Each structure stands twice: as C-alpha cells, then as structure tokens.
Amino acid sequence: MTLPDEPRGTAALLVDSRGRYLLHLRDANKRICDPGTWSIPGGDREGTESSQRTVERELLEETGLAVPLEEFTVVDCRGPDGTKGRIRVYLGAWDGDADALPCPEGIMFRHFDAATIPYLTMCPWTKEVIDLHRSRTPAPARPVLPARQAESSGRARLNVVGVHLYLERDGEVLLGLRHPDSAFAGSIHHFLAGHCEQESAVSCLVREAAEEAGLAVDPRDVELVHVVHCVDEPNGQPRMQLVFRARRWQGTPEVREPDRCASWGWWPTDSLPERIVPYARAAIEGIQAGRLYTELGWV
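Everything quoted here is computed from the prediction, not taken from an experiment.

Parameters at a glance
- Residues numbered from 1 in each chain as written.
- Predicted model: local features only at pLDDT ≥ 70, side-chain atom pairs only at ≥ 80, totals over all residues.
- Heavy atoms only, no water.
- Core = buried A, V, L, I, M, F, W, Y, C linked by side-chain atoms within 4.5 Å.
- Buried < 20%, exposed > 50% of the residue type's maximum accessible area, 1.4 Å probe, protein only.
- Helix = DSSP H or I, 4+ residues; strand = E, 2+ residues; numbered from the N terminus.
- Expected span 1.5 Å × (residues − 1).
- Contact = heavy atoms within 4.5 Å.
- Polar contact = N/O pair within 3.5 Å; in protein donor to acceptor, adjacent residues only side chain to side chain.
- Phe/Tyr/Trp six-rings, centres within 6.5 Å; stacked < 30°, edge-to-face > 60°.
- Pairing = 2+ DSSP bridges.
- Axes fitted to C-alpha atoms, helices over the stretch in contact; angles between N-to-C directions.

J.: Just to check I follow, could you spell out the nonpolar core for this structure?
T.: The nonpolar side chains of soluble globular proteins are, as a tendency, buried together. Of all hydrophobic cores here, the largest spans 23 residues; its most connected members are Leu13, Leu23, Trp38, Val89 and Trp125. Of all the secondary structure elements, the ones that give two or more residues to this core are strand E1 (9–15), strand E2 (21–25), strand E5 (70–78), strand E6 (84–93), strand E7 (108–112) and helix H2 (124–136). Counting residues in hydrophobic clusters, the runner-up holds 20 residues, among them Leu174, Val217, Leu242 and Cys261.

Structural data, given as structure tokens:
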C-alpha cells in the first residue's frame, strides 16, 4: 500500500566498485525537469504503484538494468513549472559499461568519479544525493592494472566511435568554442563532431554538420584524413576518433546548438588556440604532417 505522503518521484543512484557514479545527460531545450543537466535515472509513480516498484520499473525502462536497490534518502526537487516535489532515492551497485547501455530518453549515460562531479552541469538534487553518499562512504581503493594485464582479463571493451569534420580554407581550420556548461570540454575549442549512432560515419558527419553549424556537406566531397585511437586513463573507455575532410561545403558556420557551442572561428593550422581538445590538436598536427593515424593515452 502506498502512503498518501509518499514522494511521487523516484531515482536510482548506481555506484561501481571504483566509486564512480552512473549519470544520465538529460535533453536540453525541452520542457522537462532540469534540462541539459547530468542526473540519475528515475521517474514518477503511476497510480498506487509503490516507490520500490516504480524505481525498479523506471531503471529497467531507461537502462535495461535490474539490480538490487535499497532506500537511501529523500530529497526536494522542482518541476519544470517551479512546483515543489520530493524524490525517494534508492542505492545500488553496478560495474558494467555505461556506453553499452540503451538510452531511449536523453543523450547518454556515463560513469564519473567524485573528483569530476564539481565540473559537470549537475541537476541540483542529484548533486545533493551524491554529496550525501560521499559523506557516508569512504573512498574506495583504486588499484591501477598494467595495460597488458587488463587486455588479458578476457573482458571485451567496445570502442566509442566519434566523427569529426575538418574544414580548412586559406591555411585556417574551423573550430568551435564549447559552451562553458557543456558536458564535454567546456570553454575549450574542438572540431564540429558527434558520436556515430545507427548510421554510417559519413552519414553522421553530414547530419552533425547541418545540426551543429547549418552547413551542407555532400558525402561525395568527404575523405578520411586522420584517425586518433585514444583513452583518457589506463583501462578507461577506448575511443576511435575519425576525422574527415570536406573538400567543399555550402553555408557559413552558425551556432545552431547554443547549449553546446558558443561560437565558430577559423584558426591558422600553425597557431591553434591554447585551449583545444588534446586529440583534436593531435589530429590537426597529424594532418599537416601527412600522417593518417595517432595513438593517445595508451601505455
């Protein structure tokens, strides 16, 4: 039986054995609670459904996961119209690959350690929940395995595929200044880019060029000019970054996604901005040197 004063909202805080939190990037520019922020999966009760049943259902619908959950805390929140509400938060453990989760709602799932949390655009009540969990839980030990040992552990790690547009005119390359609150590389310059979804890499490139900057690119004018295979930390998520040059395009770059990109600009290839995504710099230097491939972060 559900009590009359039971919170309508539920959410699941999942923590892995390294002390990292599974976070969900919510859609921006939509009339939803806390748009464009990192939060945790959950949702409202339906009818007389219990909070425990609700959070289990919502977690399964949003992530495909069914893990043991226990009550952790209740926090206050606000709806998109400013109305006050409450959320009952449950705690669970999960050590899987965040990039392999389905994402029927929002943008993506990612694991983040406690040190990274302050640099994310966070949903306020989610930040409150994580701070409470940190205050009650000692920091876990984080042994670092040698790269060869990790490779022989038998656990496959799928690579995330990123697609990037290289436009050059008169010795200058097009770069975007990421919005300060962007989930990735805030206030740092980067290529026009996106993750390859259920589509070919070139189709992804054409789509992202139109969505992010209003540029029309003909697939026949595209060629692969560099690949960066990178990892941010030992045993971290491997990423294959594909960089394509468009020999011709139509349109003038304009900011189409202001929550992610603050401006577009042309930079001399021999005088790049100081704050630029490291693998983007490596790719530009590789292109100028005539190299096709670079590795970063591997031991």
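After that view of the structure, there is still more to cover.
J.: Explanation requested: helix H5 (residues 278–289) in the structure shown.
T.: Residues three or four positions apart in an α-helix share a direction because the helix packs 3.6 residues into each turn. For H5, built from 12 residues, the straight-helix expectation of 16 Å at 1.5 Å per residue is met to within 8% by its first-to-last C-alpha distance of 17 Å. As for H5, its buried residues are in contact with strand E8 (160–166), strand E10 (172–178), strand E11 (189–190), strand E13 (222–230), strand E14 (239–246) and strand E16 (293–296).

J.: Explain unusual backbone geometry here, please?
T.: Backbone geometry follows two general trends: most residues other than glycine have a negative phi, and most peptide bonds adopt the trans configuration. Phi is positive for Asp34, close to 50°, though the residue is something other than glycine. Assignment of secondary structure puts Asp34 in the loop between E2 and strand E3 (38–39). For Ser187, which is not glycine, the phi torsion reads 65° and is therefore positive. When you line up the elements, Ser187 lands in the loop between E10 and E11. Judged by relative accessible area, Ser187 falls into the partly exposed class, the value being 30%.

J.: Sorry, what's going on with the side chain of Arg110 here?
T.: Along the chain, the position of Arg110 falls in strand E7. A polar side-chain atom of Arg110 sits 2.3 Å from a polar atom in the side chain of Asp99. Excluding residues within four positions of it along the chain, Arg110 makes contact with Tyr21, Leu22, Leu23, Trp38, Ala98, Asp99, His195 and Arg239.

J.: I would appreciate a short explanation of the packing of aromatic side chains in the present structure.
T.: Each aromatic ring pair is described using two quantities: the centre-to-centre distance and the angle formed by the ring planes. As enumerated under the stated definition, the model contains three aromatic pairs in all. Considering the side-chain rings of Tyr166 and Phe191, the 6.3 Å spacing of their centres and the 70° angle between planes classify their relative orientation as edge-to-face. With Tyr166 in strand E8 and Phe191 in the loop between E11 and strand E12 (192–195), the pair connects residues that are 25 residues apart, well separated along the chain. The burial state of Tyr166 is the same as that of Phe191; both residues are buried. With 6.1 Å between their ring centres and 25° between their planes, Trp249 and Trp266 make a pair best called stacked. Of the two residues, Trp249 is situated in the loop between E14 and strand E15 (261–268) and Trp266 in strand E15; the sequence distance between them amounts to 17 residues.

J.: What should I look at first to understand the sheet that holds E12 in this one?
T.: Strand pairing in a sheet is mediated by backbone hydrogen bonds. Such pairs are either parallel or antiparallel. An order of E12-E8-E14-E13-E16 is seen for the five strands of this open sheet, with the pairing classed as mixed. Edge positions in the sheet fall to E12 and E16, since each has one partner strand and no second. The average undirected angle you get between the axes of adjacent strands in this sheet is 20°. This element, helix H4 (residues 201–213), spans E8, E12, E13 and E14 of the sheet and lies at about 125° to E12.

J.: Help me understand the pairing of E13, please; the structure alone is not making it clear to me.
T.: Remember that side chains alternate between the two faces of the sheet whenever the strand is regular. For E13, the tally of buried residues reaches seven of nine residues, placing the bulk of the element in the interior. Strand direction decides the pairing type here: E13 and E14, joined by eight bridges, are antiparallel. Opposite Val228, over in E14, you have Gln241 as the bridge partner. With four bridges connecting them, E13 and E16 associate as parallel partners. By the bridge assignment, His229 is partnered in E16 with Glu295.

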